[in-house]
Each structure stands twice: as structure tokens, then as C-alpha cells.
Amino acid sequence: MVEPANTVGIPLNHTALLKDELDIVIPTIRNLDFLEMWRPFLQPYHLIIVQDGDPSKTIAVPEGFDYELYNRNDINRILGPKASCISFKDSACRCFGYMVSKKKYIFTIDDDCFVAKDPSGKAVNALEQHIKNLLCPSSPFFFNTLYDPYREGADFVRGYPFSLREGVSTAVSHGLWLNIPDYDAPTQLVKPKERNTRYVDAVMTIPKGTLFPMCGMNLAFDRDLIGPAMYFGLMGDGQPIGRYDDMWAGWCVKVICDHLGLGVKTGLPYIYHSKASNPFVNLKKEYKGIFWQEDIIPFFQSAKLSKEAVTVQQCYIELSKMVKEKLSAIDPYFAKLADAMVTWIEAWDELNPATKA
């Protein structure tokens, strides 16, 4: 059985990488006791906590962490009418943290994710590995069979074009999970006791033109490169679907990264996912999405952005128009979602005005 790492006795990392350039975003409805396990790795960083649910409830944060906390009242106050684009009673509310951050990089983690152990028993500093992924180039245009050629002890294999070996900037680092896998409700129901015990020591670039199911529980990204596309959609309270927030963002992000020539990596780091959510509750949230995704994924696979779209915002607005045009026939929800995508960009630009050169 895989167990979380014990971090007691691990000294605080006083030489934390990118300490002043990275924010940690955590969505939650409960006290953040789980941060005690992460203290050696995360305490040097600034936290942005997005409180979901009842805003009158007090969320306790362990002493010693530098943080700001936003609840629904704060979101309404800061965004005004545009607050309608931020989901309620769903972890998709985390993307508000991306919007208010002023740092170059974001690491987001769920409050049921603990520190994993590598095969040697050493505690895994997930944030450090994410940073290494983001600071290292990606190779989306030609697959390297030795996985990430930029890692120590690896390189480009014979036959890899020299013209592509410089790589491109990495926009997204997608981490994985030990213990509870990130399964949908039907898979949970047929494999209720399955646990992921495999620790694969690999990082790879997802090839251009290939989509992936992005999970938001262990994720980092370059906010300057791709932040405006990291919108987790309209989910949860008042919406006909849930648990597709991170995947929606992932599909949009990958289309835009492919268009702009940016990279997405997946693999290391691992976290320990401590508990399985209720599959019957999940099935209610996912039910329509399970059917809709059979049309949504081909839509994203065929989506082509124009040459005029040279910024993430321009790409995202074009994508929102395609969503309204192509997906509204599936359900009126997608017209509402397309409008929310535009509202999100407007709110992003208001809080993050472009600086003049």
C-alpha cells in the first residue's frame, strides 16, 4: 500500500526556487490542516486561498504561512457583475486566484493532496519539480522516445532533427498522483478499490495536436505565457455539469499552446491523493459531460485559430466564438459558457492591465 510521506524533521527550504515569482493557489471549503505536511516545501511561498461555499465560515490556516484568503463576498466585491464567470460550490473557483495573482508562475493543489514518497522513500518536493519542468524547454513538434531530453542523463535520440532541439517555452507542468487515481465516476464504480502504486520516473512533452485530460489537483503553469486561458469554466452551483472544470481549461489551453508554439509537460511530480470522492455524487455531476465529451473533444481536435490571434486573449476570444457557434446545438449551456469565457477575459484584463513598452 502506498502511504504519504512523513515530512517531520525536513528542514524548511530557505533557498526556495522562484520564491518571489510564484503563488500557490488552493481552493477549499475546510480548514487547511494539510499544509502542515507541506510546510517544509511550501511555507516560503505566498498562498492565495479561494474559499468555496458559505462565506461566513471561518477557514483556519496553520501559523507561519503567508497568505491572502478570498471568499464569495470578496469575489463579488472585486469583480462586480463579472463575478458571474466564477463558479460557486465547485473547485473551479480556484481560477479566481489565478486572476488576482501578480506573479509569473502559479502552482495549484487540492486540500486532499499530501506529500508523496519516491521509490527510495524520500519525500517528493512537488513544487520544486514543477518549477524544473517550467524552466526547461518542451519538444512538442517531434516526440523523443527517451522522454524529456533536457533531463540530466537524457538527450535527444538518433534521428531527432537538430533544427528542433532548442525546443520551445514550457507553459504548463501537469503532475500526477499516487494512491487514489483521477478517475471518472463509472470507472470509480467498477474499480472501487484500485490504487495507483506505480511511480514512473518520467516527464514528457505532450505532442502538438494531441489533447489530454488535465487534472487541476497538482498543476503548475507560467501565468505570463498562458494565464488568461486557464479558465475553469462554469461548473457547480446552478450549472448542469461539474468535474469538467480542469479538463475544459486543459482542452482550451492545449489548442492555444499548439497555436502559439508553447509546450505542455506531464509526468513528474507525484502527489499523494488521500481520499476518493463519492462516485455516486460524482456521477450526478459528470452525467451530461460523459455524453457531451464525445462531441466536445472532436470540436477541440478540429479547432483552428487564425493567424491574427497572436495573444492568449485573442486566441481565447476566438475559441469562445467557436464554442458558441459549434457547441450550442448540444445544449444551451455552451452559449452561456461561451459568454462566460468572454467575461473572464474582460475581468482578467481589468485586473491585469497590459503594461506599455
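These remarks concern the structure in this document. Quantities reported herein were computed from a predicted structural model and do not represent experimental measurements.

The rules behind each value
- Residues numbered from 1 in each chain as written.
- Predicted model: local features only at pLDDT ≥ 70, side-chain atom pairs only at ≥ 80, totals over all residues.
- Heavy atoms only, no water.
- Axes fitted to C-alpha atoms, helices over the stretch in contact; angles between N-to-C directions.
- Helix = DSSP H or I, 4+ residues; strand = E, 2+ residues; numbered from the N terminus.
- Parallel < 35°, antiparallel > 145°, perpendicular 65-115°, else oblique.
- Left-handed = near helix turned anticlockwise from the far one by under 90°.
- Contact = heavy atoms within 4.5 Å.
- Nonpolar A, V, L, I, M, F, W, Y, C, P; charged D, E, K, R; others polar.
- Salt bridge = Lys/Arg side-chain N within 4 Å of Asp/Glu carboxyl O.
- Buried < 20%, exposed > 50% of the residue type's maximum accessible area, 1.4 Å probe, protein only.
- Core = buried A, V, L, I, M, F, W, Y, C linked by side-chain atoms within 4.5 Å.
- Expected span 1.5 Å × (residues − 1).
- Phe/Tyr/Trp six-rings, centres within 6.5 Å; stacked < 30°, edge-to-face > 60°.

Glancing now at the packing of helix H8 (residues 279-302) against helix H9 (residues 312-327). Running from N to C, H8 and H9 point in directions that differ by 135°, and their axes come no closer than 11 Å. One way to sum up the angle between H8 and H9 is to call them oblique. Note that H8 runs across H9; the crossing there is right-handed. Residues Asp295, Ile296, Phe299 and Phe300 of H8 touch H9, and the partners they reach there are Leu319, Met322, Val323, Lys326 and Leu327. Residues of the contact of H8 with H9, tallied by class, amount to seven nonpolar, no polar and two charged.

Before going further, it helps to spend a moment on the pattern of salt bridges. For the structure shown, the criterion picks out 16 salt bridges. Where lysine 82 meets glutamate 350, a salt bridge forms, and the shortest distance between an N and an O atom there is 3.0 Å. Taken together, the residues lysine 82 in the loop between helix H2 (72-79) and helix H3 (95-100) and glutamate 350 in helix H10 (residues 333-351) connect sequence positions 268 residues apart. Notably, a salt bridge pairs arginine 243 with glutamate 286, separated by 2.5 Å at the nearest N-O pair. Here arginine 243 is found in the loop between helix H6 (223-226) and helix H7 (245-260), whereas its partner glutamate 286 is found in helix H8, with 43 residues between them in sequence. The partly exposed category is assigned to arginine 243, whose relative accessible area is 23%. In this structure, a network of salt bridges that share partners links the residues Lys104, Asp222 and Asp224.

Within soluble globular proteins, side chains that are nonpolar tend to cluster in buried spots. Grouped together as the largest cluster of nonpolar side chains are 69 residues, with contacts concentrated most on Ile226, Tyr231, Trp248, Phe300, Tyr316 and Trp344. Ranked by the residues each element gives to this core, the list is headed by H10, at 10 residues. Within the second largest apolar cluster, 33 residues are counted, among which are Leu22, Ile24, Phe41 and Cys113.

Another aspect to go through is H7. Along its 16 residues, H7 runs 23 Å from first to last C-alpha, staying within 8% of the 22 Å computed at 1.5 Å per residue. The element H7 is largely enclosed, with a buried count of 14 among its 16 residues.

What follows concerns the packing of aromatic side chains. Taken as a whole and judged by the stated rule, the model has 18 aromatic pairs. Seen from their ring centres, tryptophan 251 and phenylalanine 300 are 5.9 Å apart, and the 40° between their planes marks the pair as tilted. Highlighted residues: tryptophan 251 in helix H7 and phenylalanine 300 in helix H8, separated in sequence by 49 residues. Here the two residues tryptophan 251 and phenylalanine 300 agree in accessibility, since each one is buried.

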